[in-house]
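What follows is the residue order along each chain.
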Amino acid sequence: MTKTILIATDYSLESLNILKKVLKEKDGKHDETKYNIIFVSGYDMGDSIRDLLFTTKSTIFGKIRSHEFCDAFSIIKNKYPHLINKMNCDIFTGSFQRTFNNYIITEKIDEAYYSPSIKSRGKGKFDIIPYIKKCKDLESHEITLEISESLPERGRLAEIFVEV
C-alpha cells in the first residue's frame with residue numbers, strides 16, 4: 001500500500017525535522033506502508049507576463065532551495081528506504097482555497113504535516129498552512145518542533161543529524 005504525504009516547507013534545513021519526526025513515528029509502528037512524500041511551499045509567480053511565460057520550476061527551486069537542503073533531503077531518503085517510495089519538491093502557486101483543494105485531489109495526498117514554527121517568507125514564498133487547515137478532504141497534523149537557537153550546526157548540513 002502507498003500513501004502520499006504533504007509536508008509544508010520553506011526549504012530550510014529546519015523544515016526537514018518535520019519529515020524526520022514523521023518517519024521516526026511511522027518506523028516505530030512497523031507498518032508495511034510505503035510513502036510518497038511531497039515537500040510543498042507556496043510561491044507567488046507575480047503578474048509579469050515575461051515571468052509567467054519563461055519561469056520554470058527549476059529556476060524557482062534555484063532561488064528558494066539551498067544546496068544543503070538537497071543534500072540533507074538525500075540523506076533522509078537513504079536512511080528510510082523501507083518507508084519512502086519517492087520524495088519530490090513542489091510549489092503551490094494558487095491563491096484560492098478551491099485551487100489548493102484541487103491540488104490535493106490531483107496529487108492524491110492523504111495526509112499533511114506542518115509546523116507553525118516554519119514560516120515561508122521572502123523570495124516570493126508564502127505560507128500554505130492556512131490552506132492546509134481549511135482543507136476538509138485532508139487529514140492534517142501539526143508537528144511541534146523545538147528549534148534550539150544555540151545549536152552550533154544551525155544552518156549547516158550537520159543539523160540534519162541532530163535528533164528531534
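This text follows the structure it describes.
Just so you know, these numbers come straight off a predicted model, no measurement behind them.

Parameters and conventions
- Residues numbered from 1 in each chain as written.
- Predicted model: local features only at pLDDT ≥ 70, side-chain atom pairs only at ≥ 80, totals over all residues.
- Heavy atoms only, no water.
- Salt bridge = Lys/Arg side-chain N within 4 Å of Asp/Glu carboxyl O.
- Helix = DSSP H or I, 4+ residues; strand = E, 2+ residues; numbered from the N terminus.
- Buried < 20%, exposed > 50% of the residue type's maximum accessible area, 1.4 Å probe, protein only.
- Arc of directions from axis to C-beta.
- Contact = heavy atoms within 4.5 Å.
- Polar contact = N/O pair within 3.5 Å; in protein donor to acceptor, adjacent residues only side chain to side chain.
- Phe/Tyr/Trp six-rings, centres within 6.5 Å; stacked < 30°, edge-to-face > 60°.
- Lys NZ or Arg CZ within 6 Å of the ring centre and 35° of its normal.

## Comments concerning the pattern of salt bridges
Considering all chains together, one arrives at four salt bridges under this definition. For E111, the salt bridge identified is with K26, shortest N-O distance 3.3 Å. A residue pair is termed long-range when its members are at least 10 positions apart, and E111 in strand β4 (residues 111-114) and K26 in helix α1 (residues 16-28) qualify at 85 residues. Of the two residues, E111 and K26, both sit in the buried class. Across the pair K57 and D90 runs a salt bridge, and its minimum N-O distance is 2.6 Å. Taken as a pair, K57 in helix α3 (residues 57-64) and D90 in strand β3 (residues 84-92) lie far apart in primary sequence, 33 residues in all.

## Regarding helix α5 (residues 97-106)
Those residues of α5 not exposed but buried are F100, Y103 and I104. Take α5 and look down its axis: the buried residues cluster within an arc of 100°, on one side only. The exposed set on the far side of α5, more than 90 degrees from its buried face, consists of R98, I105 and T106. Buried residues along α5 sit in contact with β1 (2-8), β2 (34-43), β3 and α6 (129-134). In the segment just after α5, K108 is the residue with positive phi, at about 55°.

## Focus: the side chain of S12
With respect to the secondary-structure elements, S12 resides in the loop between β1 and α1. S12 gets classed as buried once you look at its relative accessible area, which sits at 16%. Polar contacts involving the side chain of S12 include one to the side chain of D10, which spans 2.6 Å. A distance of 3.1 Å separates the side chain of S12 from the side chain of E14, its partner in a polar contact.

## Details of the packing of aromatic side chains
Counted under the stated rule, the structure contains twelve aromatic pairs. Note on F39 and F69: the rings are 5.7 Å apart at their centroids and 90° apart in plane angle, and the pair reads as edge-to-face. Taken together, the residues span a long stretch of sequence, with F39 in strand β2 and F69 in helix α4 (residues 67-79) at a distance of 30 residues. Accessibility expressed as a relative area gives 0% for F39, which makes it buried. Since its relative accessible area comes to 0%, F69 is described here as buried. For the ring pair F92 and F100, a centre distance of 5.2 Å and an interplane angle of 90° mean the geometry is edge-to-face. Accessibility assignment for this pair places F92 and F100 in one class, buried. Ring-pair connections join several aromatic residues into one group, and the members of that group are Y11, F39, F61, F69 and F73. R65 extends its terminal NZ or CZ atom over the ring of F61, reaching a point 4.5 Å from the ring centre. Here R98 stacks its cationic end above the ring of F96, 5.7 Å away from the centre of that ring.

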